[in-house]
Amino acid sequence: MAAAAPPPPPSPAAIPETIVPETDPPRHPLFARIRLGTIFDVPQLHKLIHQMATYERLTDQFSATEASLAFTLFPSPSPPPPFTSFTVFILEVSPDPFPPTPQDPSNFSPILKTFHLDLPIEDSEKDIFRSEIGGDVVVAGFVLFFPNYSTFLAKPGFYIEDLFVREPYRKKGFGRMLFTAVAAQAAKMGYGRVEWVVLDWNVNAIQFYEQMGAKIQPDWRVCRLTGDALEAFAHLNI
Amino acid sequence: MAAAAPQPPPPPFLATIPENTVPETAPFRHPLYARIRLATILDVPHIHKLIHQLATFERLAHQCTATEASLAATLFPSPNPPPPFTSFNVFILEVSPDPFPPPAPQEDTTNSSPLLKTLHLDLPIEDSEKEIFRSEIGGDVVVAGFVLFFPKYSTYLAKPGFHIEDLFVREPYRKHGFGKMLITAVAGQAVKMGYGMVEWVVLDWNVNAIQFYERIGTKVYQDKRICRLTGEDLDVEGSAK
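Residues numbered from 1 in each chain as written. Chains lettered and ligands numbered in written order. Predicted model: local features only at pLDDT ≥ 70, side-chain atom pairs only at ≥ 80, totals over all residues. Heavy atoms only, no water.

J.: What should I look at first to understand helix H2 (residues 68-75) of chain B in this one?
T.: Think of an α-helix as 3.6 residues a turn; residues three or four steps apart then line up on the same face. Listed as buried for H2(B) are Leu71(B), Ala72(B) and Leu75(B). Seen end-on, H2(B) carries its buried residues on one side only, within an arc spanning 100 degrees. Counted as exposed and oriented over 90 degrees from the buried face of H2(B): Ala69(B) and Ala73(B). Buried residues in H2(B) make contact with strand E4 (138-150) of chain A together with helix H1 (44-57), strand E2 (89-96) and strand E4 (142-154) of chain B. (Buried < 20%, exposed > 50% of the residue type's maximum accessible area, 1.4 Å probe, protein only. Helix = DSSP H or I, 4+ residues; strand = E, 2+ residues; numbered from the N terminus. Arc of directions from axis to C-beta. Contact = heavy atoms within 4.5 Å.)

And the structure:
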């Protein structure tokens, strides 16, 4: 959704000479778009996931390759329809407006938003993350989510597995934009909940989520069976 | 995958036991035959009752608004039901005093052949709700529990996994290994499909469950918390600009 630009500063002739003019500081517009990921985004997605693993200090657990991501997220010949399985939203930014997309109620329409920054963003990895779309469009983040199910509500919901914004683009509202995109899709589809996990010491994230209206569930603990412990079930006689 | 158990030995003839010794006979055993199979839409009434029992156990009955109709519509959509294990899946646990028929050979090709197990109980199980949970299959078959799970994804592994949303064994049938049997069914399916993990959540006061999970090699994370956006808050956030 495009946000309207602020009004221009008053012209110099209207300002008395003895008063310091209080003009709006010049703004740097940055155009953002959230769209569905495709198999062509896999190289960028792979780099983003690796950056996220570095940020979370979990690179020892990282074994994804471009091929394994492509194979599992964009299976062919019959890819599942969007939102019925693992779904990726890509966040792109550009100094130029994105072309408006026709609103098609039966399909997902990309979400557009204009950000007015006090200073331009310095992105030293701009060339690495140049979008496959081309031009001056740069990939700034992603969210990966999939349907889950609540038996209590007898309704599907979405579970956000990963949400990541590249470092130069943080603290500007892009994370919120990605969350809102998933929440909007859930609401549109009549889904019951959007869920994700936070580390209990991550007070900044918890504050951010609570401000959005999310509730932290204090009594539940995540359990995981993986690696050798999971493989043992291949041979276990019930 | 059928797991056949050996038949218990017959009791020795009393005539062969010397009068001045206490006979060491095997205690009489009560066989109970168990089967885990994929649920169908015909199981919805039982699934509905089981979910309500689970909600009561978790002290969350006030949050449970599922109806038979809403469960049927979301778990068994028609006309195009998704193939097994690609969306929301339910395994039903049934028990019977009589053996279940072995699965027909053609069922093996669908990756979803029923699992069978025979238990030898010291005492028969008293199930006051046997009539309510009589299986739609008929006979003396009773529904004893279920597990509901669906695919999830790990970006670090670039592999799917399963998330177990609900695992429940009815009260008379607890402490006999049925919970482990249900987890084994899901974990076994995950390994068969080359999946990377099975995950679920547990209430921090459910010490029995936590102990059981840790015994089978599960890692229970103390520092992760579930965040949830629901109801009105979901609608409001979805409309945010």
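J.: Help me understand the state of the cysteines, please; the structure alone is not making it clear to me.
T.: In a disulfide, the sulfur atoms of two cysteines are held together by a covalent bond. For the coordinates displayed, the defined rule picks out zero disulfides over all chains. Of all cysteine sulfurs in the structure, the one in Cys227(B) sits closest to Cys223(A), which takes part in no disulfide; the separation is 17 Å. (Disulfide = S-S within 2.5 Å.)

J.: Is there a simple way to think about the interface of chain A and chain B in this case?
T.: On the chain B side, the residues contacting the 71 residues of chain A number 74 residues. Where chain A abuts chain B, roughly 6900 Å² becomes buried across the two surfaces, and 61% of that area is made up of carbon and sulfur atoms. Our count for the contact surface shared by chain A and chain B stands at seven salt bridges. Note that Arg176(A) is salt-bridged to Glu237(B), the shortest N-O span being 2.7 Å. Remark: the boundary between chain A and chain B carries 32 residue pairs in polar contact (both at pLDDT 80 or more). Here the residues of the side of chain A that touches chain B are counted per class, giving 44 nonpolar, 14 polar and 13 charged. (Buried area = accessible area lost by both parts, 1.4 Å probe. Salt bridge = Lys/Arg side-chain N within 4 Å of Asp/Glu carboxyl O. Polar contact = N/O pair within 3.5 Å; in protein donor to acceptor, adjacent residues only side chain to side chain. Nonpolar A, V, L, I, M, F, W, Y, C, P; charged D, E, K, R; others polar.)

J.: Is there a simple way to think about the side chain of His163(B) in this case?
T.: Residue and element names in this part refer to chain B. Position of His 163 among the secondary structure elements: in strand E5 (residues 159-169). By relative accessible area, which is 16% here, His 163 ends up buried. Ignoring any residue separated from it by four or fewer positions in sequence, one finds His 163 in contact with Leu 148, Phe 149, Phe 150, Lys 152, Glu 199 and Trp 200.

J.: Help me out: how do you make sense of the pattern of salt bridges in this one?
T.: Oppositely charged side chains can pair when the atoms bearing their charge come close. Residues and elements named next belong to chain B. Inspection of the entire model under this criterion finds 25 salt bridges over all chains. With a shortest N-O distance of 2.8 Å, Asp 43 and Arg 37 are connected by a salt bridge. When sorted by exposure, Asp 43 lands in the same class as Arg 37, which is buried.

J.: Sorry, what's going on with the packing of helix H1 (residues 42-55) of chain A against helix H2 (residues 66-73) of chain A here?
T.: Pairs of packed helices are described in terms of their axes, by the angle between the two and the distance that separates them. All names here are of chain A. One way to put it is that H1 packs onto H2 with a least axis distance of 9 Å and a crossing angle of 110 degrees. The pairing of H1 with H2 is recorded here as roughly perpendicular in orientation. Remark: the crossing between H1 and H2 carries right-handed chirality. Where H1 approaches H2, its residues Val 42, Pro 43, Leu 45, His 46 and Ile 49 are matched on the opposing element by Glu 66, Leu 69, Ala 70 and Leu 73. Its residues assigned to classes, the contact of H1 with H2 shows seven nonpolar, one polar and one charged. (Axes fitted to C-alpha atoms, helices over the stretch in contact; angles between N-to-C directions. Parallel < 35°, antiparallel > 145°, perpendicular 65-115°, else oblique. Left-handed = near helix turned anticlockwise from the far one by under 90°.)

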